[in-house]
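# Topology and contacts: notes
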Amino acid sequence: MSDFQNNTIAAISTPLGQGGISVIRISGDNSIEIADSVFKSVSGKKLSQINGYSALFGKIYDDDGSALDECVATVFRSPHSYTGENVVELSCHGGIFVTNQVLRTVIKSGAVLAKPGEFTERAFVNGKIDLTESEAVMDIISAKGKAAARSALNIKEGRLRSEIDDVKDLLIDSAAHLSAWADYPEEDIPEISTENLLSNISAASSKLEKLIKNYDCGKAVKQGIDTLIVGKPNVGKSTLMNFLTGCEKSIVTDIPGTTRDIIEETIVMGNAVLILSDTAGLRDTDNPIEKIGVNLVKKRLQSCGLVLAVFDASRQLDEDDFNMIDLLGEVPSVAVINKTDLDCVVDVDLIKSKANKCVFISAAKGEGLDDLTSAVEDLTGAAEFDENSAVLSNERQFQCASCALEPLKQAVSAIESGMTLDAVTVLIEESIQNLLELTGERASETIVHSVFSKFCVGK
Amino acid sequence: MSYFAGKYDIAVVGAGHAGIEAGLAGARLGCKTVVFTINMDAVGNCPCNPSIGGTAKGHLVREIDALGGEMGKTADECMLQMRMLNRGKGPAVHSLRAQIDRRKYSEVMKHKLEKQENLELHQAEVVSIKELDGVWKLETRMGAEYEFKAVIIATGTYLGGRIFVGEVSYESGPDGIFPATFLGQSLKDLGISLRRFKTGTPARVLKSSIDFSDLEIQEGDEPPEPFSYDTEEILENKVVCHISWTNEKTKQIILDNIHRSPLFSGMIHGVGPRYCPSLEDKIVRFADKERHQLFIEPCGENTEEMYLQGMSSSLPEEVQLKFYHTIKGLENVVMMRCAYAIEYDCADPLQMDNTLEFMEHPGLYGAGQFNGSSGYEEAAAQGLVAGVNAALKIKGEEPMILDRSSSYIGTLVDDLVTKGANDPYRMMTSRSEYRLILRQDNADERLTPIGRRIGLISDERYNKFLKKQQLKADELKRIRNTVIAPSDKVNEIIVSRETSAITTGVKLVDLIKRPQLSYEILKPIDTDRPDLDSNIFEQIEVEVKYEGYIKKQLAQVEQMQRMEKKKLPADLDYKTIRGLRLEAQEKLNKVHPTNLGQASRISGVSPADISVLVIWLSK
């Protein structure tokens with residue numbers, strides 16, 4: 001349920017992908033002001049100075065003043081816009097990297113990321129779309145799928161719905177049986193078999209797990225994975241970063257400890273999109289500033305989605321390397337053994353024992369990129385991402401699915417530990433509730449209806 | 001020909017299970033109350049099954065008792081057999097049921113009404129109801145005119161009642177008592193919308209004509225547990241029930257005669273209960289089911305009438321006799337009263353708020369089957385809610401609104417006034433999302449403080465409750481502090497239940513927590529155990545074993561209550577809120593939810609509509 005205040009929202013309104021044009025839409029009271037802070041027109045005119053339905057050509061600049069992309073900015077003034085609010089649409093050259101950069105800049109300037117369907121929701125709350133349309137909107141908001149006909153996600157949404165319906169049907173079957181069995185103890189209701197119950201629950205769980213896994217893969221494909229480059233000082237992290245991004249962003253020097261802040265870049269590696277962070281070198285240090293950087297990295301090592309751990313092929317592993325190897329294992333990791341243009345003396349076996357993948361590159365010479373790419377694709381699931389299977393299309397759906405899975409796991413352990421079935425029933429119903437939230441329906445009535453249609457009960 | 005019969009506070013129209021609780025609550029809270037019954041011998045009648053309680057209904061009875069109602073006590077006084085249903089399925093679904101002596105039940109209830117201070121019981125058919133300047137005027141068929149501050153309609157199946165047996169159909173209330181013929185029109189004149197529901201009951205047969213020799217016996221629990229927290233006398237099971245089954249022949253006779261059923265021929269227009277179908281309904285809907293179960297239950301100690309639970313029918317009398325004769329044990333059965341279907345008028349409960357008062361008619365309340373529910377217990381629960389709230393309103397006090405997390409009663413009322421009833425509503429455990437906390441064993445803990453605050457719980461009863469709570473707290477403390485040291489004796493008991501032996505000292509509470517163990521099993525090694533009421537041990541055991549689940553449900557309750565705290569104005573016209581879909585506007589205008597939580601439970605109001613309301617509220 002959305003609980004929005006009158007803030008200004010922004011999102012990428014076109015499907016993410018390479019090429020074509022991408023539109024970033026900003027809507028709300030401050031949308032023109034925010035757009036003006038990131039956009040500078042060639043003519044020098046401000047967006048706030050032009051009429052509705054007008055456009056200016058210019059460039060988008062990030063907060064340190066460097067140009068991100070050329071852009072046509074179109075202004076729609078309230079109430080003559082899609083949402084009925086002030087709207088600015090920034091049309092850029094597309095590409096995941098640039099479009100994301102523009103969106104981030106807009107958000108840094110004061111917009112908040114729009115929730116799914118929020119533009120349409122606002123359009124309809126402001127009376128901009130009629131009943132037929134608004135019903136379609138309701139369906140989008142409640143994720144009923146039907147209304148997504150206009151979007152490219154149509155087929156996927158339909159698949160998702162039928163996938164969720166399958167899971168729900170399995171669970172409702174069990175819940176209805178459990179309810180009938182509890183509410184009609186003296187009717188001729190078949191006994192509940194724990195085996196059946198467990199097999200139903202695990203069938204439902206594995207379908208959900210697949211969806212959740214595919215979401216992670218889908219995320220790698222669509223939204224990007226938070227990726228950390230780590231390694232002791234001077235093994236070539238920044239060189240790797242530059243090698244991957246193709247431009248000099250990190251300060252590359254030979255003095256250990258030059259990279260202190262975490263620097264972010266979004267790159268495409270095969271099917272995977274990585275939001276790459278170069279980090280301070282991991283080493284024991286007395287320098288207080290460097291220490292802050294190192295601690296920050298250690299913290300992020302637990303929360304990021306992928307680690308690229310860089311080792312120097314030409315040097316023996318030392319104390320700092322061992323410390324870093326110890327830190328691996330929390331999240332998927334690729335050991336990147338750099339400087340293969342020099343003699344390889346590093347203990348590869350030890351590294352392989354801790355990292356999920358191990359590749360050899362020479363960042364300086366630009367060799368080994370293909371190996372690294374396929375390792376990253378494998379590890380992020382991008383390689384196995386199935387464009388045609390059901391996909392949870394946003395974080396909300398992902399949350400609902402995860403919240404539906406959790407009680408099922410608890411239900412299995414409740415059954416296994418010999419808990420009574422009333423507790424199991426409550427857990428199954430909790431799972432159904434979350435699935436119904438995903439699809440925008442409601443639960444308890446569904447079970448009641450199912451009891452009456454499936455079981456012959458009564459006086 | 002009319003005369004002025006007097007001014008009172010509360011009128012209760014009907015003296016069935018709803019009317020009784022409504023009348024007693026009103027009078028006990030100090031309001032001058034008149035209870036009208038169409039027939040003095042029909043007070044507290046049980047025209048269907050001779051039993052009180054059952055799944056979820058047992059919860060309702062315990063809750064009525066915890067609030068200071070009468071049903072549980074009278075059921076205990078008139079019990080013939082007690083059974084706790086669903087033992088082994090978990091504490092949330094344990095439900096008590098009493099087979100009762102139905103004539104005795106009716107007599108005891110009537111006597112209680114007669115003895116109640118502030119209460120007058122009159123045999124009269126109310127034919128007209130009018131409101132003038134906040135005064136409700138009722139007129140009886142004999143021309144007696146009364147004035148009231150509040151009226152509670154609890155007409156059961158009497159209102160416009162019509163009986164169907166095969167091709168035969170005539171105006172009647174249940175058990176051959178005449179129906180309420182005129183009140184329906186008078187209610188419609190007030191602007192109240194009525195609709196037709198139907199229900200049915202099986203035949204009563206002569207005990208001596210049944211061959212019990214091959215039938216399975218169903219006995220009561222030993223020792224029988226009472227409903228009421230007030231019942232101190234030791235109960236004793238007096239009867240057994242029997243089980244038999246229908247067969248292919250039964251099915252064939254019904255199918256051969258199905259065209260003679262008023263349900264299938266289209267004579268009955270009323271909507272029947274899905275959970276309580278007639279036998280012909282079951283056979284048609286579940287065509288592949290070979291047999292259906294029936295229970296043979298005694299109607300009382302001083303009668304040979306037996307009730308055939310599961311065999312409700314509206315087929316012609318001779319067809320009934322024919323198919324009853326196909327059933328094992330009933331080959332030569334003599335039918336004393338035939339089965340029948342009954343159609344009646346009832347109100348759409350969406351017209352009422354959570355106090356069961358009609359929103360458009362202040363001072364007018366509905367309860368029981370009149371509100372679209374079914375069942376004695378559902379009726380009694382609503383009677384109590386309506387009676388208490390009518391009295392509280394007259395006294396100028398805050399209403400008693402029980403939310404869904406407080407009780408099955410609250411869930412029942414909320415379901416009725418929020419979702420409405422498209423067929424007669426029956427309580428079920430699956431209707432409560434909070435059933436691990438709304439157990440029949442803790443009804444007193446949940447509701448007795450509320451009953452006390454309202455004024456239905458005596459000092460004596462309340463002190464008893466407080467003492468029990470203290471003993472419970474002490475015992476909880478004791479098991480948390482008692483450490484059981486590992487020993488052969490201890491481990492022998494533990495291991496025999498297929499759970500792991502202990503090697504170091506373990507707190508008693510942690511042993512009770514293990515699903516395989518219980519208070520009872522651990523008795524031999526718990527030498528300091530005080531001698532407490534079994535209900536205390538039961539409650540503690542449940543709370544300890546289900547602690548994680550209970551915490552989880554309490555968190556859900558908290559979430560729900562956040563939504564319930566967002567109040568919606570009573571006079572809000574939802575048509576003026578831009579962004580709400582037409583269907584949602586209409587439903588919201590009909591239900592007039594008191595808060596956002598209730599709004600979100602209305603079918604036809606989507607999460608997006610709720611978003612719109614949230615926005616509207618924040619503006």
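Reading the values: the criteria
- Residues numbered from 1 in each chain as written.
- Chains lettered and ligands numbered in written order.
- Predicted model: local features only at pLDDT ≥ 70, side-chain atom pairs only at ≥ 80, totals over all residues.
- Helix = DSSP H or I, 4+ residues; strand = E, 2+ residues; numbered from the N terminus.
- Rg over C-alpha atoms; globule rule 2.2 N^0.38 Å.
- Buried ≥ 20, exposed ≤ 12 C-beta atoms within 10 Å, placed from the backbone.
- Contact = placed C-beta atoms within 7 Å.
- Pairing = 2+ DSSP bridges.
- Axes fitted to C-alpha atoms, helices over the stretch in contact; angles between N-to-C directions.
- Domains from an automatic or database assignment.
- Parallel < 35°, antiparallel > 145°, perpendicular 65-115°, else oblique.
- Left-handed = near helix turned anticlockwise from the far one by under 90°.
- Nonpolar A, V, L, I, M, F, W, Y, C, P; charged D, E, K, R; others polar.
- Arc of directions from axis to C-beta.
- Core = buried A, V, L, I, M, F, W, Y, C linked by C-beta atoms within 7 Å.

### A few points about the overall build of chain B
Across its full length, chain B holds 21 helices and 24 strands. Radius of gyration (C-alpha) of chain B: 26 Å, near the 25 Å computed for a compact globule of 619 residues. By its C-alpha atoms, chain B is 85 × 70 × 50 Å across when sized along the principal axes. By the burial criterion, 51% of the 619 residues in chain B qualify as buried. Taking contacts inside chain B between residues at least 6 apart in sequence as the whole, the part at least 24 apart equals 73%.

### Some thoughts on the overall build of chain A
Tallying secondary structure elements over chain A gives 14 helices and 13 strands in all. Each of the 459 residues in chain A was classed as buried or not, and the buried ones make up 47%. Of the contacts made within chain A by residues no fewer than 6 positions apart, 65% connect residues no fewer than 24 positions apart.

### A few points about unusual backbone geometry
With the exception of glycine, most residues fall at negative phi, and the peptide bonds are largely trans. For the bond from Ser78 of chain A to Pro79 of chain A, the omega torsion is 0 degrees, close enough to zero to count as cis. Residue position: Pro79 of chain A is located in the loop between β5 (67-76) and β6 (87-92). In this structure, Pro223 of chain B follows Glu222 of chain B across a cis peptide bond, with omega equal to -10 degrees. Within the fold, Pro223 of chain B resides in the loop between β16 (216-218) and β17 (241-245). In this model, Asn86 of chain B sits at a positive phi of 65 degrees, which is unusual for a non-glycine residue. Here Asn86 of chain B lies in the loop between β5 (79-85) and β6 (95-100). Non-glycine residue His592 of chain B carries a positive phi angle of around 45 degrees. You can see His592 of chain B is positioned in the loop between α19 (582-591) and α20 (596-600).

### Quick look at the sheet that holds strand β22 (residues 364-366) of chain B
Residue and element names in this part refer to chain B. The sheet built from 5 strands is open, its strands ordered β7-β3-β2-β11-β22 with parallel pairing. For this open sheet the edge positions go to β7 (119-123) and β22, each flanked by a neighbour on one side alone. With strand direction ignored, the average angle separating the axes of adjacent strands in the sheet is 20 degrees. In this structure, strand β11 (residues 150-153) lies alongside β22, joined through 3 bridges in parallel fashion. Across the sheet, the residue bridging to Ile153 is Gly366, located in β22. In this fold helix α10 (residues 376-394) packs onto β2 (10-13), β11 and β22, with an angle of close to 175 degrees to the strand it touches most, β11.

### Things to note about the environment of Leu240 of chain A
All names here are of chain A. If you trace the backbone, Leu240 turns up in helix α7 (residues 237-245). The spatial distance from the C-alpha of Leu240 to the C-alpha of Val376 is 14 Å, given a sequence separation of 136 residues. Not counting residues up to four positions away in its chain, the partners in contact with Leu240 are Ile229, Val310, Val336, Asn338 and Ala363.

### Considerations on helix α2 (residues 57-67) of chain B
What sets the pattern is the α-helix's 3.6 residues per turn: residues three or four places apart point alike. All names here are of chain B. Counting buried residues along α2, 11 of its 11 residues qualify, which places the element largely inside the surrounding structure. Inspection of α2 places Lys57, Gly58, His59, Leu60, Val61, Arg62, Glu63, Ile64, Asp65, Ala66 and Leu67 among the buried residues, and these make up the whole buried set. The positive-phi residue at the C-terminal boundary of α2 is Gly68, with phi of around 105 degrees.

### Observations regarding the domain arrangement of chain B
Domain boundaries assigned for chain B yield domain 1 (3-198 + 344-454), domain 2 (204-342), domain 3 (482-551) and domain 4 (566-618). Spacing between the C-alpha centres of domain 2 of chain B and domain 4 of chain B amounts to 45 Å.

### Side note on the sheet that holds strand β3 (residues 39-41) of chain A
Residues and elements named next belong to chain A. Across the sheet, 7 strands lie side by side as β3-β4-β5-β6-β2-β1-β7; this open sheet has mixed pairing. Each of the sheet's edge strands pairs with one partner strand only, and the pair in question is β3 and β7 (112-113). Against the sheet, helix α1 (residues 31-38) makes contact with β2 (22-27), β3, β4 (54-61), β5 and β6, and its axis sits at roughly 30 degrees relative to β6, the strand it touches most.

### Focus: the packing of helix α13 (residues 459-481) of chain B against helix α17 (residues 534-545) of chain B
Packed helices, taken two at a time, are described by their axes: the angle between them and the distance between them. Residue and element names in this part refer to chain B. Remark: α13 packs on α17, axes separated minimally by 10 Å, with the N-to-C direction vectors making an angle of 50 degrees. With respect to α17, the axis of α13 lies oblique. Of the two possible hands of crossing, α13 and α17 adopt the one that is right-handed. Residues Lys468, Leu471, Lys472, Glu475 and Leu476 of α13 pack against Ile536, Gln539 and Ile540 of α17. Looking at the contact of α13 with α17 residue by residue, the classes come out as 4 nonpolar, 1 polar and 3 charged.

### Brief notes about helix α5 (residues 183-190) of chain B
Residues and elements named next belong to chain B. Those residues of α5 lying buried are Leu183, Gly184 and Leu187. Taken around the axis of α5, the buried residues stretch over an arc of 100 degrees, which confines them to a single face. For α5, exposure combined with an orientation more than 90 degrees from the buried face picks out Lys188 and Asp189. Turning to α5, the residues buried within the fold contact β8 (126-132), β14 (194-201) and β21 (340-347). Just downstream of α5 lies Gly191, where phi reads positive at about 100 degrees.

### Some remarks on the nonpolar core
Formed by 194 residues in total, the largest nonpolar core has its most connected members in Ile10, Ala11, Val151, Ile152 and Ala367 of chain B. In terms of residue count, the dominant contributor to this core is helix α5 (residues 154-183) of chain A (12 residues). By size, the runner-up hydrophobic cluster in this structure holds 44 residues, among which are Ala272, Leu306, Phe311 and Val376 of chain A.

### Remarks on the pairing of strand β1 (residues 9-12) of chain A
Residues and elements named next belong to chain A. Every second residue of β1 is oriented toward a common face, with Ile9 and Ala11 on one face and Ala10 and Ile12 on the other, all of them buried. Sheet topology places β1 next to β7; 2 bridges connect them, and they run parallel. In the sheet register, Ala10 faces β7, and the bridge partner there is Leu113. As judged from the 4 bridges shared by β1 and β2, these two strands associate in the antiparallel manner. Among the inter-strand pairings, Ala11 is bridged to a residue of β2, identified as Arg25.

### Some details on the pairing of β5 of chain A
As paired elements, β4 of chain A and β5 of chain A share 8 bridges and run antiparallel to each other. Opposite Ser54 of chain A, over in β5 of chain A, you have Val75 of chain A as the bridge partner.

### Some thoughts on the environment of Pro316 of chain B
Residue placement: Pro316 of chain B occurs in the loop between β19 (305-309) and α9 (317-324). The sequence separation of Pro316 of chain B and Asp488 of chain B amounts to 172 residues, and the corresponding C-alpha distance is 70 Å.

### Let's talk about the environment of Phe370 of chain B
All names here are of chain B. One can find Phe370 in the loop between β22 and α10. Between the C-alpha atom of Phe370 and that of Arg195, which follows or precedes it by 175 residues, the distance is 9.8 Å. Beyond its immediate stretch of four places on either side in the chain, Phe370 contacts Ile153, Ala154, Thr155, Gly156, Leu159, Cys346 and Ala347.

### Describing the packing of helix α1 (residues 17-28) of chain B against α10 of chain B
Residues and elements named next belong to chain B. The interhelical angle for the contact between α1 and α10, taken along N-to-C directions, is 30 degrees, at an axis separation of 7 Å. In terms of orientation, α1 and α10 fall into the roughly parallel class. Once α1 is placed against α10, the crossing between them reads as right-handed. Mapping the contact onto sequence places His17, Ala18, Gly19, Ile20, Glu21, Ala22, Gly23, Ala25 and Gly26 in α1 and Tyr376, Ala379, Ala380, Gln382, Gly383, Leu384, Ala386, Gly387, Val388, Ala390 and Ala391 in α10. Its residues assigned to classes, the contact of α1 with α10 shows 12 nonpolar, 7 polar and 1 charged.

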